[in-house]
Amino acid sequence: MKKRVLALVLVCVLALALLTACGGKKPSDSAAPADVQPVTPADAQPGSPEITIVTPEPAQEGSAVVTPVPVVTPDPVVTPVPAPAPSPTPTPAGSDLPIITKSPTDETVTEGGSAMFVARYENAIWAVWHFVSPDKQTDMTYEAAQTRWPNMEIVNGMYSTMTLRNIPLDLNGWTVYCRYTNNFGSTDTKSALITVKAAPTPAPTTAPTPAPTTAPTPAPEPTPVVNVWTDTTDLDTAIAGSGVSFTPPISEALPDLLTLKGYRYMSGIIQADYYDRNGQTVLTIRKSNTTSGSSLTGDYSSYSYSWDLTLKGLTVHCLGDGSTANNVTFGSGSNNYCILYNIGQEGYGLTADQINSLINSIQ
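Not measured: the values here are computed from a predicted model.

Student: Help me out: how do you make sense of the overall build of the chain in this one?
Tutor: A count of helical and extended segments in the chain gives five helices and 21 strands. Taken across its 363 residues, the chain has 34% of its residues classed as buried. Considering only intrachain contacts with a sequence separation of at least 6, the fraction spanning at least 24 residues in the chain is 55%. Summing over all exposed atoms, the chain offers an accessible surface of approximately 22,500 Å²; the carbon and sulfur share of this is 57%.

Student: Teacher, can you tell me more about the sheet that holds strand E15 (residues 259-266) here?
Tutor: Pairing in this open sheet of eight strands is antiparallel, and the strands run E14-E15-E16-E17-E21-E20-E19-E18 from one edge to the other. Either end of the sheet is taken by a strand with one partner, and the two such strands are strand E14 (230-232) and strand E18 (305-311). Going from strand to strand, the sheet's axes swing by 20° on average, the running direction of each strand aside. Most of the contacts of helix H3 (residues 235-242) go to E15, to which it runs at about 20°, and overall it touches E14, E15 and strand E16 (269-275). Lying on the sheet, helix H5 (residues 352-361) is in contact with E18, strand E19 (314-320), strand E20 (325-332) and strand E21 (335-341); it crosses E18 at an angle near 50°.

Student: So what exactly am I meant to see when it comes to the environment of Asn 278 here?
Tutor: Looking at where Asn 278 falls in the secondary structure, it is placed in the loop between E16 and strand E17 (281-288). Each C-alpha atom, one on Asn 278 and one on Asn 182, is 8.7 Å from the other, the two residues being 96 residues apart in sequence.

Student: Hey, could you run me through the side chain of Asn 182 in this one?
Tutor: Along the chain, the position of Asn 182 falls in strand E11 (residues 175-182). You can call Asn 182 buried: its relative accessible area is 7%. Of the polar contacts made by the side chain of Asn 182, one reaches the backbone oxygen of Asn 123; its length is 2.8 Å. From its side chain, Asn 182 meets the backbone nitrogen of Phe 184 in a polar contact 2.9 Å long.

Student: Honestly, the pairing of strand E13 (residues 192-197) in this entry has me stumped. Any pointers?
Tutor: Working note: regular strand, side chains alternate between the two faces of the sheet. Residue alternation in E13 divides its side chains into a buried set, Ala 192, Ile 194 and Val 196, and an unburied set, Leu 193, Thr 195 and Lys 197. Bridge count between strand E4 (residues 107-110) and E13: four bridges; the pairing is parallel. Paired with Glu 107 across the strands is Ile 194, a residue of E13. Sheet analysis places E11 next to E13, joined by two bridges and oriented antiparallel. Bridge pairing in E13 links Val 176 to Ala 192.

Student: What is the right way to read unusual backbone geometry from this model?
Tutor: Negative phi is the rule for most residues except glycine; trans is the rule for most peptide bonds. With phi around 65°, Asn 156 is a residue other than glycine that occupies positive phi space. By the element assignment, Asn 156 lies in the loop between strand E9 (153-155) and strand E10 (161-165). According to the relative accessible area criterion, Asn 156 is buried, its value standing at 11%. For Lys 312, which is not glycine, the phi dihedral falls at a positive 55°.

Student: Honestly, the nonpolar core in this entry has me stumped. Any pointers?
Tutor: Soluble globular proteins tend to pack their nonpolar side chains together in the buried interior. Of all hydrophobic cores here, the largest spans 30 residues; its most connected members are Leu 283, Val 316, Val 328, Phe 330, Ile 339, Ile 355 and Ile 359. Within the residue set of this core, elements represented by two or more residues are E15, E16, E17, E18, E19, E20, E21 and H5. Beyond its immediate chain neighbours, meaning those up to four positions away, Ile 355 contacts Leu 309, Leu 311, Val 316, Cys 318, Ala 325, Val 328 and Leu 350.

Student: For this particular structure, what's the right way to read the sheet that holds E9?
Tutor: Either a parallel or an antiparallel arrangement is found when strands of a sheet pair, and the pairing is made through backbone hydrogen bonds. Taking strand neighbours across the sheet as the criterion, the three strands line up as E5-E10-E9 in an open arrangement whose pairing is antiparallel. Each of the sheet's edge strands pairs with one partner strand only, and the pair in question is strand E5 (115-118) and E9. Between one strand axis and the next, the sheet turns by 15° as a mean value, whatever way the strands run. Here four bridges tie E5 to E10, and the two strands are oriented antiparallel to one another. Its bridge partner lying in E10, Met 116 is registered against Thr 163.

Student: Even after reading the chapter, I still don't get the pairing of E19, so can you show me in this structure?
Tutor: Residues Leu 314, Val 316, Cys 318 and Gly 320 point to one face of E19 and are all buried, whereas Thr 315, His 317 and Leu 319, pointing to the other face, are not buried. Of the strand pairs in this sheet, E18 and E19 are connected by seven bridges, and their pairing is antiparallel. Within E19, the position partnered with Tyr 305 by the bridge is Gly 320. As consecutive antiparallel partners, E18 and E19 are separated by two residues, and within that stretch Lys 312 has a phi angle of approximately 55°, a positive value.

Student: Honestly, the environment of Trp 229 in this entry has me stumped. Any pointers?
Tutor: Summarising the element assignment, Trp 229 is placed in the loop between E13 and E14. The exposure class of Trp 229 is buried, given its relative accessible area of 16%. With 38 residues separating them in the primary sequence, Trp 229 and Ser 267 have C-alpha atoms 8.6 Å apart. When neighbours within four sequence positions are excluded, Trp 229 is seen to be in contact with Glu 153, Arg 264, Tyr 265, Met 266, Ile 269, Gln 271 and Arg 286.

Student: I would appreciate a short explanation of H5 in the present structure.
Tutor: Three- or four-residue spacings in an α-helix give side chains the same orientation, since the helix completes a turn every 3.6 residues. For H5, every residue scored as buried is listed here: Ile 355, Leu 358, Ile 359 and Ser 361. Along the axis of H5, the buried positions cluster into a sector of 170°, meaning they face one direction only. For H5, the elements touching its buried residues are E18, E19, E20 and E21.

Student: What's the story with the confidence of the model for the chain in this structure? I'm lost.
Tutor: Close inspection of predicted coordinates is inappropriate in any region flagged by low pLDDT. Model confidence for the chain is summarised by a mean pLDDT of 80, while 71% of its residues fall at 70 or above. Counting interchain partners and residues more than four positions distant, the pLDDT-below-50 stretch residues 88-94 has zero contacts. Here residues 222-226 scores under 50 on pLDDT; set against residues more than four positions off or in separate chains, the count is four contacts.

The rules behind each value
- Residues numbered from 1 in each chain as written.
- Predicted model: local features only at pLDDT ≥ 70, side-chain atom pairs only at ≥ 80, totals over all residues.
- Heavy atoms only, no water.
- Helix = DSSP H or I, 4+ residues; strand = E, 2+ residues; numbered from the N terminus.
- Buried < 20%, exposed > 50% of the residue type's maximum accessible area, 1.4 Å probe, protein only.
- Contact = heavy atoms within 4.5 Å.
- Areas by Shrake-Rupley, 256 points an atom, 1.4 Å probe, with all protein chains shown as cover.
- Pairing = 2+ DSSP bridges.
- Axes fitted to C-alpha atoms, helices over the stretch in contact; angles between N-to-C directions.
- Polar contact = N/O pair within 3.5 Å; in protein donor to acceptor, adjacent residues only side chain to side chain.
- Core = buried A, V, L, I, M, F, W, Y, C linked by side-chain atoms within 4.5 Å.
- Arc of directions from axis to C-beta.
- pLDDT = per-residue confidence, 0-100.

This is the structure we're talking about:
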């Protein structure tokens, strides 16, 4: 009896295993019946039931096939790279206009006195001083100012240091500035105010009681300084007007690219001016039989060095940077000479050889 029960249990276990292997399909799910083979256990007793093993047929063509669903791998997230900011277009360098390194300062003088105005620059070719009226309605060059105030002497109106002498009272409130120019344009310095005070009135004095037979002699009135420069392009006219004989240097003795501009003269002084290719007066030669020193040069610039040379048997006094001279003075007999070259601009003076060539050529 026990053996039969075990055989039945074995049959059930095998049947369950077959159903599980076939995926739980019913017999109707297959197009063809499975092979049925009876199995008799070796130890089965006569009269024991047969154990039937059902072998499933392989799946027929057309049976449903479970297709695995492919796993979709998501595309990688692309992190946007920010575009580089455009580099700013460099601003082209501006034109090389003259650069002002020093502007003139205000000056207060007494009527008839003198004043000096100093400016400094970089990268300029020539300079011109201007005068501006108190109401700012009139702006004139030093040449026009010389015409307006003929008794005032304007020295070096085309250089960095300008000197005014015998300043009139009606120049009070005017301003001056220097305009520097090169091939790119012009740059102006700041303006300097001119304050002119009236000359003090002398206090009245008690006249001494004259002696019975002697009348007092009045003191002579001071003679005002008058600017009597006259311009001409004719050498004979300048010689006759100044009363000074003069032979200008030959062109070979001049620094390169200089051209005679003309002559100026007053009683006792004759002057020759030479300009460069830009029209700037850079060389002035003066000869006088009445005046010498700074009164002849009119140059009151400050220089680093002062030295003497001996040329053509003459003692030649030089002012400049120590190697080139901007201010040269010497005497010969009863005559005095001065040579001014780029005055006030140290480093741009004449060499000893250039000075010697000019002295040998001037008479």
